[in-house]
2 protein chains.
Amino acid sequence: MPTGRPREFDVDERLDRALDVFWRQGYEGTALSDLTAAMGINRPSLYAAYGNKEALFRKVLDRYAEGPAGYVRDAVAEPTARAVAAAILHGAIDVVTGGPGGCLFVQGALVTGRQNETARREIEERRRFSERMLADRFERARDEGDLPPDTDTAALARYVWSVSYGLSVQAAGGASREDLRRVADTALNALPGGAPADPPPDA
Amino acid sequence: MPTGRPREFDVDERLDRALDVFWRQGYEGTALSDLTAAMGINRPSLYAAYGNKEALFRKVLDRYAEGPAGYVRDAVAEPTARAVAAAILHGAIDVVTGGPGGCLFVQGALVTGRQNETARREIEERRRFSERMLADRFERARDEGDLPPDTDTAALARYVWSVSYGLSVQAAGGASREDLRRVADTALNALPGGAPADPPPDA
DNA sequence: CCAATTGTGTACCGATCGGTATTGAACGCG
DNA sequence: CGCGTTCAATACCGATCGGTACACAATTGG
């Protein structure tokens with residue numbers, strides 16, 4: 001129970017509005033005036049509650065990772081490597097076609113001017129984290145015999161993420177969920193074991 | 001032979017320097033001061049020679065399409081659908097790992113603030129053009145019997161571009177040429193006809 | 001050599017950028 | 001009530017944004 005005047009807005013709720021703006025316009029494309037307008041608070045309130053623009057962006061990235069990008073956490077819990085890959089691609093499609101368009105970890109900042117390199121590196125770090133998570137999961141699958149022993153698990157993980165990132169780019173260009181579903185189905189054909197519609201060759 | 005004082009720099013050569021900056025920093029991340037510094041000319045000279053920032057960016061996109069992205073034009077001339085796809089992915093890898101990092105048509109602007117939407121749409125149009133070009137090529141391949149009659153050529157083209165865009169994102173994160181080659185090889189496994197290392201099933 | 005034309009360099013424009021100082025209002029506590 | 005504390009709102013900060021006015025240098029045509 002802190003003393004003093006109580007805050008007149010919900011920090012988490014307004015953070016979601018900030019996420020929406022960063023997601024739609026990227027880090028560099030978003031001005032503080034955009035944020036304050038969308039969040040319905042004044043500039044000093046924003047600085048008091050979240051720090052500066054960079055700190056707010058970091059909080060937004062965390063929220064995005066736990067919320068819209070939470071499907072990654074769930075995906076690696078799938079029982080088979082193929083199911084994991086499918087869950088990642090299908091989860092990505094839901095996110096990139098459901099929200100403002102694309103994945104924040106891709107749209108947010110691929111490149112930046114000199115000043116905003118911190119934000120770019122921050123976002124890059126999140127991508128790397130997800131990539132490592134998937135590579136570890138595939139390595140486990142190989143150890144369990146779920147993937148062939150000679151599988152290049154790192155390359156396979158990179159492949160799945162490449163497709164996923166590509167889906168995000170296409171979503172930014174207006175591709176529909178159905179379009180992307182067909183892409184994902186095609187992509188899954190490349191996994192060891194072949195197409196999922198046909199039963200595995202040893203069945 | 002125009003009268004008046006002759007220009008002291010080569011327009012095309014300096015345009016390449018502008019390309020380098022936009023490529024590395026994106027449209028929004030690039031300030032006019034970055035451009036004039038890299039191009040070695042003053043601001044009024046830039047405006048006299050290229051128009052404004054948007055017009056310069058458009059010229060840069062054209063130059064990129066003819067230069068670094070010229071591999072797409074060559075790729076669709078390959079004899080088979082598989083060779084076309086392989087040429088696109090391998091060509092993309094050379095570009096995204098050779099230049100400043102990534103593909104300008106991806107890095108340049110996936111999202112923007114309100115003011116720079118024109119540049120975003122411009123770049124989006126270029127992507128769409130390449131996508132249609134590949135889809136048309138795959139359609140021809142299907143008509144020629146090079147692809148199965150039930151092939152969803154549009155989806156296949158979107159798949160190849162998805163992987164390619166993903167390679168660009170990964171290159172921005174520091175992936176090496178060898179890393180991306182393995183991704184491309186995996187991706188090509190998804191094409192009708194299976195893996196290229198093994199001879200086709202009817203051989 | 002003179003006039004017309006065009007590029008170069010400096011210095012500047014209003015607008016907007018991210019970030020803050022300051023004032024006054026709203027609370028808990030004594 | 002008074003007091004310390006915290007938030008809200010206005011108004012402002014220097015820096016930088018994209019873009020340009022203006023004076024001067026360099027060239028061609030007469």
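Data block above holds the structure.
Here's what I pulled together on the structure shown here. (Residues numbered from 1 in each chain as written. Chains lettered and ligands numbered in written order. Predicted model: local features only at pLDDT ≥ 70, side-chain atom pairs only at ≥ 80, totals over all residues. Heavy atoms only, no water.)

1. Topic: the overall build of chain A
Then, number 1: On a plain count of helices and strands, chain A comes out with 10 helices and 0 strands.
Then, number 2: In chain A, the succession of helices and strands from N to C terminus is α-α-α-α-α-α-α-α-α-α.
Then, number 3: Each principal axis of the C-alpha distribution contributes one length, and for chain A these read about 70 × 40 × 30 Å.
Then, number 4: Taken over 203 residues, chain A has a buried fraction of 51%.
Then, number 5: As displayed, chain A has an accessible area near 9400 Å², and 48% of this comes from carbon and sulfur atoms. (Helix = DSSP H or I, 4+ residues; strand = E, 2+ residues; numbered from the N terminus. Buried < 20%, exposed > 50% of the residue type's maximum accessible area, 1.4 Å probe, protein only. Areas by Shrake-Rupley, 256 points an atom, 1.4 Å probe, with all protein chains shown as cover.)

2. Observations regarding the pattern of salt bridges
Then, number 1: Tallying each qualifying case throughout the model produces 36 salt bridges over all chains.
Then, number 2: Two residues, A:Asp152 and B:Arg182, come together in a salt bridge whose shortest N-O distance is 3.0 Å. Here B:Arg182 lies in helix α10 (residues 177-188) and A:Asp152 lies in the loop between α8 (117-143) and α9 (153-172), a pairing that spans two chains.
Then, number 3: Judged by relative accessible area, A:Asp152 falls into the partly exposed class, the value being 35%.
Then, number 4: Taking the shortest distance from any N to any O, the salt bridge between B:Arg58 and B:Glu122 comes out at 3.5 Å. (Salt bridge = Lys/Arg side-chain N within 4 Å of Asp/Glu carboxyl O.)

3. Here we look at the protein's contact with DNA strand D
Then, number 1: DNA strand D sits among 23 residues. The nearest are A:Arg5, A:Glu8, A:Asn42, B:Leu32 and B:Tyr47.
Then, number 2: The contact atoms of DNA strand D, taken as those within 4 Å of the protein, divide so that sugar and phosphate hold 66%.
Then, number 3: B:Leu32 places a main-chain nitrogen or oxygen 2.7 Å from a phosphate oxygen of DNA strand D.
Then, number 4: Residue B:Ser33 places a side-chain N or O atom 3.5 Å away from a phosphate oxygen belonging to DNA strand D.
Then, number 5: Of all elements in the fold, only α3 (43-50) of chain A together with α2 (32-39) and α3 (43-50) of chain B reach the threshold of two or more residues within the surface near DNA strand D.
Then, number 6: It is α3(B) that contributes the most residues to the surface near DNA strand D, 3 residues altogether.
Then, number 7: Among the residues forming the surface near DNA strand D, the class breakdown is 8 nonpolar, 9 polar and 6 charged. (Near = heavy atom within 4 Å. Polar contact = N/O pair within 3.5 Å; in protein donor to acceptor, adjacent residues only side chain to side chain. Nonpolar A, V, L, I, M, F, W, Y, C, P; charged D, E, K, R; others polar.)

4. What about the packing of aromatic side chains?
Then, number 1: A complete count under the given rule lists 12 aromatic pairs over all chains for this structure.
Then, number 2: Measuring from ring centre to ring centre gives 4.9 Å for A:Tyr64 and A:Phe105, while their planes differ by 70°; the resulting arrangement is edge-to-face. Here A:Tyr64, found in helix α4 (residues 53-66), pairs with A:Phe105, found in helix α7 (residues 104-107); they are 41 residues apart in sequence, far enough to count as distant. Both residues of the pair, A:Tyr64 and A:Phe105, belong to the buried class.
Then, number 3: With a centroid separation of 5.7 Å and 25° between ring planes, the pair formed by A:Trp161 and A:Tyr165 is classed as stacked. Separated by 4 residues within a single helix, A:Trp161 and A:Tyr165 lie in helix α9, roughly one turn from each other.
Then, number 4: Taking the relative accessible area as the measure of exposure, A:Trp161 reaches 4% and is therefore buried.
Then, number 5: Sitting over the face of the ring of B:Tyr27, B:Lys53 holds its NZ or CZ atom 4.4 Å from the ring centroid. (Phe/Tyr/Trp six-rings, centres within 6.5 Å; stacked < 30°, edge-to-face > 60°. Lys NZ or Arg CZ within 6 Å of the ring centre and 35° of its normal.)

5. Overview of the interface of chain A and chain B
Then, number 1: Facing the 39 residues of chain A at the interface are 39 residues of chain B.
Then, number 2: Both sides together, the interface formed by chain A and chain B hides about 3300 Å², and carbon and sulfur atoms give 57% of it.
Then, number 3: For the pair chain A and chain B, the interface holds 4 salt bridges.
Then, number 4: Remark: the boundary between chain A and chain B carries 13 residue pairs in polar contact (both at pLDDT 80 or more). (Contact = heavy atoms within 4.5 Å. Buried area = accessible area lost by both parts, 1.4 Å probe.)

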